[in-house]
Amino acid sequence: MNAQNVIYAIIILGLLGLFLGVLLAFADKVFAVDMDPRVVNVLDALPGANCGACGFPGCAGMANAIVAGDAPVNGCAIGGQEVAEKVAEIMGQAAGDVEKQVAVVRCQGDCDKSKNKYEYNGLVDCRLIGDYARGSKGCASGCLGGGTCVSVCEFDAIHVNNGIASVDKEKCVACKKCIDICPKNIIGLMPYKQQTEVKCSTHDPGKVVRTNCSIGCIACGLCEKNCPKDAIHVEDNLASIDYSKCINCGICASKCPTGAIFVEYPERVEKMKEKEKQKKLQAAEEKKAAAKPAEKEKVVAADDNSKVQ
């Protein structure tokens, strides 16, 4: 190869590169989009999980939305109060209180408590299991146990045990991915501080529920009648809790005949049940004791009548 041709090629490539560089620099100036420096600062303050729980496409989308005024400064579910305060400081706003939310599976019908309509032997995915006859479980609203929710959780916060999914609230960040993918729509959010929950999703009549599951809500209404704060109501055959009113007293759980109301303090509920049992026994004894004098008077009156005759 001629050395002169090589030199010419190098010069031409160099000039072409210079021309393209100048062209790109010019285009960058002409078509430049001014970025608010706060976007970068907000993005740095966000946790960077890109979970989408805020409803925006990743943390960058959230940062742009906050600066544009389309999202609240405390809109990051994962970051919580700490991140909200950092973002609020950048934006010159008040953070407000951020109540931590966690996912909850509203079903307790595991392999021991619920009945199956048939044995499923296909691919283990809730979406596939639910395609045939609304799932293998007798309860059409029951957890299918396929673990599809587990597969999308990036925080190891949800697992399937004995055919039922459950959430580790200490690991859950409320990213909502398990909620979005569940074909039965039985996973929702509740406040982290909430210790009482109706873990059932069926709207079937009580008789049908008893046939399919031993721990389902039968809509008896005992929880509603005994709640001191009017925090739980039965609608469409299913009890639900108003978190703003609930004080986690456990009375509803102690009255529930099937155990459909889950509590994080079972020992306290057992004490309440035992106290109620003792109260009923005492009332029965008092009624029995009160009935004895009346029976004695009847016997005396019968004797007197026989003597008169």
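Residues numbered from 1 in each chain as written. Predicted model: local features only at pLDDT ≥ 70, side-chain atom pairs only at ≥ 80, totals over all residues. Heavy atoms only, no water.

Student: What is the right way to look at the overall build of the protein in this model?
Tutor: Along the protein, the regular secondary structure elements total 11 helices and eight strands. The C-alpha atoms of the protein give 33 Å as radius of gyration, which overshoots the globular expectation for 309 residues (19 Å, by more than 25%). Expressed as lengths along the three principal axes of its C-alpha atoms, the size of the protein is roughly 150 × 55 × 30 Å. Each of the 309 residues in the protein was classed as buried or not, and the buried ones make up 36%. Considering only intrachain contacts with a sequence separation of at least 6, the fraction spanning at least 24 residues in the protein is 54%. Working note: accessible area of the protein is about 19,000 Å², and carbon and sulfur atoms make up 56% of it. In the protein, 37 side chains carry a positive charge and 38 a negative one; their mean positions are 8 Å apart. (Helix = DSSP H or I, 4+ residues; strand = E, 2+ residues; numbered from the N terminus. Rg over C-alpha atoms; globule rule 2.2 N^0.38 Å. Buried < 20%, exposed > 50% of the residue type's maximum accessible area, 1.4 Å probe, protein only. Contact = heavy atoms within 4.5 Å. Areas by Shrake-Rupley, 256 points an atom, 1.4 Å probe, with all protein chains shown as cover. Lys, Arg positive; Asp, Glu negative; His and termini not counted. Charge placed at Lys NZ, Arg CZ, Asp CG, Glu CD.)

Student: Please clarify how the state of the cysteines should be interpreted in this entry.
Tutor: One pass over the full model with this rule turns up zero disulfides. Here Cys-54 is not cross-linked by a disulfide; its sulfur's nearest cysteine counterpart is in Cys-51, at 6.3 Å. What makes Cys-54 partly exposed here is its relative accessible area of 26%. Here Cys-200 stays free of any disulfide, with the sulfur of Cys-217 as its closest cysteine sulfur at 5.6 Å. (Disulfide = S-S within 2.5 Å.)

Student: Looking at this model, I keep getting lost on the pattern of salt bridges. Mind explaining?
Tutor: Where side chains of opposite charge bring their charged atoms close, a pairing between them can arise. In the structure shown here, the tally under the stated rule is 12 salt bridges. As a salt-bridge pair, Arg-38 and Asp-36 come within 2.8 Å of each other at their nearest N and O atoms. The exposure class of Arg-38 is partly exposed, given its relative accessible area of 30%. Glu-276 is the partner of Lys-255 in a salt bridge, and the nearest nitrogen-oxygen pair spans 3.6 Å. Of this pair, Lys-255 sits in helix 10 (residues 251-255) while Glu-276 sits in helix 11 (residues 266-308), and the two are 21 residues apart along the sequence. The class for Lys-255 is partly exposed, based on a relative accessible area of 24%. We classify Glu-276 as partly exposed; its relative accessible area is 28%. (Salt bridge = Lys/Arg side-chain N within 4 Å of Asp/Glu carboxyl O.)

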